[in-house]
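# Examining the three-dimensional arrangement
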Amino acid sequence: MTDNAPAAQQQTCQPATASMSSAIQQAEGNPPNERTDWDTMGRDERARRMLMIGSEHRLRQENLAFDIDVWYPALRAFTFDTVFHPLSRGEAIAILHFYQTRYLQRPGPPLTDRDVGILKNLEVDLDKIVRENFEADGAFLRLCGRSVKDAEPLHRERVLPEYNAILTEMLEKDKLPDNANTRAGALSRVHLLRVTSGAEALSLILSSERVFVDLRDWLEFGEPEQVALRRWEPRLRYDYEFRLFVRHGKVTAISQYDHYAVYPHLHAMRDTIQKALLDFWAQIHTHVGETSYIMDLGYLQDNGTVVLVELSPFLRCTGPAMFRWEKDSEVLENGPMEFRLRSTEYPGLQQLVDCWEDRWRTKHEPYYEFYQRAREATPEDSRAYTSSHIGPNSPPITSCHVKGKAPTPSPKSDGLNSVKYFIPVGLGALVILFGVLSGHTTVSILSVAVFAIMLIMVFYKKSTPKKPEETKHKLFVYGTLKTGFHWNKKFLSRSKYISLASTVKPYPLVIGECGVPYLIGNLPGQGHRIKGELWEIDDETLIGLDEYEGIRKGHYTRILIPVKFCANVCQANCYFSVDKPAVSSEPDQSSGGVAGFGVGSFLSEYTEEHHRDLYKPIRHILVKQQRYLHNELTDVSN
């Protein structure tokens, strides 16, 4: 399976520890070894700096509209069954702390017992998903933005025997020469990213530099992440994956996805494969909702069927495979359609093969063994609830209990001198005195034992940090966040549904060009009482929703409004558009009073029918991201 990253990056076998330092500096917009005032910058300024260059942050923002959780609901009939696990901020922070401790090797490792506990719970959750949904063939693991092809499998010792068995079969049964090309073909058939348990899944997550960079981008700039577990298709081979370039509703080019190895059998099947790919594209294109994109498809050679693997933007952040963006721009933009297969060995292929083989010959400590070693090397300290720096000049990542702020540690105090500990300690002393005065040895021993237990309980309670209590918030949702709608599970799966509800006051509800509903806040008294749902959410969920709705980016604003539910009224958070569109006094008949609007076309409810027929998820996120990228860069240039 594939993702949005250029293919040249996917094939690298450089260990994460060797490349991470420069990668972080590049992601921050700093050439290696160049120090900046990054720590003192505001978050908006850091975002603008990072968007001006070919950074990981810019690549992430350009790809966001084509994340799998954006397109999967509309295209699930054409691809593999997928189950999503929305990551909490605590889980993301624990993953970052683990990676920093193990692979970045910075002084004062931040991994804590709290982090380990969170990771163990995450392993249990992932294990449940795998066993309940993918027990037969296992699952392919990825984040929504890209796969984890740079990760370490849990059982590295099993990889080399599997590879050798495949290579032997290719040499003896298929009579192929023992060269770099044959070995590359054998490498492509090793099931590195197939997981059958939560432990195998977590091993990939914790060892991937891609995961580290993407989660760090989330915590710094918003847009929450999810783990996607996809049904493993044993019939799909890497050599039968292809990349289609679609521009303005027309296929302009096709390439073999693995552009490193030569696959002679593909040349013999070129016409058959091309017809199957184009026929499949003709069926799926209208469901995509966009006219320009790049699509990865898998050809199942046993029955000639095709399956959707990935969807990517038609941008240079997507690898061109056998083409080149500069040299082949005319073909990629306008055609005529060209199908490219490699016919000569890729320069440097032998070096890539040697690198992978050498890597698999070395031992890699399982992540759960590292837990204990890391804790033995670093005693538990106040960093359990405070921030830690991920990069050499990077901003802090916090536990984000309340609006991204870590709780202030309580000042240290001596339990024996504290009033709240005086009573239990004093009672314990009286128990011992009673035992001594009784003159009975057994009573004396029991008295001392009771006193010791009381002291242990006192100091255990004193030394155990209390988890700060989360503030609960009421939230009124009226659009894509409602139960059964596109974004409900991603953002509200950890929240509590209260009831159907409606606004006490009337508001203008309209549906925009992407099928996205929004309330207009600058037309008081107009519109209708809006029907929706009332939810109870915590601080973490509110932070994630603010980022999704674009509060910081100027897309929406959040205010408290009176909401009626079950004969009760409460104040609830609600999102309003900050745009101030011109509203006519007559209904807009051209759109049936839905997509376009006038006063007469204000809605009282965004229904399932509206959502099914009008919502265009890729276009929705694409418009948001284009606006974000344009506004940030415009602000810098002014």
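None of the values given here were measured: they were computed from a predicted structure. (Residues numbered from 1 in each chain as written. Predicted model: local features only at pLDDT ≥ 70, side-chain atom pairs only at ≥ 80, totals over all residues. Heavy atoms only, no water.)

## Things to note about the sheet that holds strand β9 (residues 338-340)
To keep things clear, this is the line we draw: For two strands to count as paired, DSSP must find a minimum of two bridges between them. Runs of H or I in DSSP of at least four residues are treated as helices and runs of E of at least two as strands, each being numbered from the N terminus. Axis lines are fitted to C-alpha atoms, over the contacting stretch for helices. Their N-to-C directions set the angle, which ranges from 0 to 180 degrees. Residue contacts are defined here by distance: any two heavy atoms, one from each residue, within 4.5 Å place the two residues in contact.
Strand order in the open sheet formed by five strands is β8-β7-β5-β6-β9, and the pairing between neighbours is mixed. What marks the edges here is a single partner per strand, and that holds for β8 (305-312) and β9. Neighbour-to-neighbour, the strand axes of this sheet turn through a mean angle of 25°, independent of strand direction. Bridging between strand β6 (residues 250-256) and β9 involves three bridges; their strand directions are parallel. Bridge pairing links serine 255 to arginine 340 in β9. Where helix α13 (residues 270-288) meets the sheet, its contacts fall on β5 (241-247), β6, β7 (293-300), β8 and β9, and the angle it forms with β7 comes to roughly 130°.

## Concerning the nonpolar core
Note the threshold: Take the buried Ala, Val, Leu, Ile, Met, Phe, Trp, Tyr and Cys residues and link them wherever side-chain atoms come within 4.5 Å; each set so joined is a nonpolar core. In this scheme, a residue with accessible area under 20% of its type's maximum is buried, one over 50% is exposed, and one in between is partly exposed, where area comes from a 1.4 Å probe on protein chains only.
Among the nonpolar cores identified, the biggest contains 95 residues, and Tyr163, Phe242, Met295, Leu308, Leu311 and Tyr478 are the most heavily contacted of them. The dominant element in this core, judged by the number of residues it contributes, is α13, at seven residues. Residue contacts for methionine 295: discarding those within four places in its chain leaves Phe242, Arg243, Leu244, Trp281, Ile284, Val288, Leu308, Glu310 and Leu311. The next biggest cluster of nonpolar side chains, apart from the first, holds 47 residues, and it includes Phe140, Val195, Val211 and Trp232.

## Quick word on the layout of surface pockets
Rules: We place a 1 Å grid over just the protein atoms. Points where a 1.4 Å probe fits but has no way out form a cavity, open points with protein on both sides within 12 Å along at least 5 of 7 lines form a pocket, and any residue with an atom within 4 Å of a point lines it. Grid points are joined across faces, edges and corners, and a volume is the space filled by probe spheres set on the points. Gly counts as polar in this scheme, as do all residues outside two lists: the nonpolar Ala, Val, Leu, Ile, Met, Phe, Trp, Tyr, Cys and Pro, and the charged Asp, Glu, Lys and Arg.
Size it by volume and the second largest pocket reaches roughly 860 Å³. For the second largest pocket, the lining is made up of 30 residues, of which Tyr72, Pro73, Ala74, Phe485 and His486 are closest to its centre. Elements with a minimum of two residues in the lining of the second largest pocket: α5 (68-75), β1 (82-86), α13, α19 (488-492), α21 (608-614) and α22 (617-637). Class assignment for the residues of the lining of the second largest pocket results in 12 nonpolar, 10 polar and eight charged.

## Focus on the packing of helix α4 (residues 56-63) against helix α11 (residues 209-221)
Rule in force here: Oblique is the label for every angle not falling under 35 degrees (roughly parallel), over 145 degrees (roughly antiparallel), or within 65 to 115 degrees (roughly perpendicular).
Put simply, α4 and α11 touch, their axes get as near as 10 Å, and they point 85° apart. Judged by the inter-axis angle, α4 sits roughly perpendicular to α11. Between α4 and α11, the contacting residues are Glu56, His57, Arg60 and Gln61 on the first element and Val213, Asp214, Asp217 and Phe221 on the second. Of the residues contributing to the contact of α4 with α11, the split by class is two nonpolar, two polar and four charged.

## Some thoughts on α13
The following threshold applies: One less than the number of residues in a helix, times 1.5 Å, gives the span that helix is expected to have. We define the bend at each residue as the angle formed by axes fitted to the 7 residues ending at it and the 7 residues starting at it.
The end-to-end C-alpha distance of α13, which contains 19 residues, comes to 26 Å, matching closely the 27 Å that a straight helix rising 1.5 Å per residue would cover. Along α13, the sharpest kink reaches roughly 35°, centred on alanine 282. At the C-terminal side of α13, glycine 289 shows a positive phi close to 90°.

## Quick notes on the sheet that holds β1
Reading across from one edge, β1-β4-β2-β3 is the order of the four strands in this open sheet, with antiparallel pairing throughout. The sheet terminates laterally at β1 and β3 (194-195), the two strands that pair on one side only. Here β1 runs beside strand β4 (residues 226-231); their pairing, made up of five bridges, is antiparallel. Residue pairing for β4: phenylalanine 84 is matched across the bridge by alanine 228.

## Let's talk about the packing of helix α9 (residues 180-188) against helix α15 (residues 349-361)
We apply this condition: What makes a crossing left-handed is the near helix being turned counterclockwise from the far one by less than a right angle; a clockwise turn instead makes it right-handed.
Interhelical geometry of α9 versus α15 gives an angle of 50° and a closest axis separation of 9 Å. Here α9 lies oblique to α15, going by the angle between them. The crossing of α9 and α15 is left-handed. Contact with α9, carried on its side by Ala180, Asn181, Arg183, Ala184 and Leu187, involves Leu349, Gln350, Val353, Trp356, Glu357 and Trp360 of α15 and no other residues of that element. For the contact of α9 with α15, the per-class residue count stands at seven nonpolar, two polar and two charged.

## Overview of empty space enclosed by the protein
One simple way to see leftover space: roll a probe sized like a water molecule over the atoms. What the rule picks out here adds up to five cavities of 30 Å³ or more. Of the volumes computed, that of the largest cavity is approximately 190 Å³. In this structure, the largest cavity is lined by 16 residues; those nearest its centre are Leu87, Lys490, Phe491, Glu540 and Thr541. At the level of elements, α19 and α20 (539-549) are the ones that each hand at least two residues to the lining of the largest cavity. Ranked by the residues each element gives to the lining of the largest cavity, the list is headed by α20, at four residues. Considered class by class, the residues forming the lining of the largest cavity number seven nonpolar, four polar and five charged.

On their own, these measurements won't tell you what the molecule is for.
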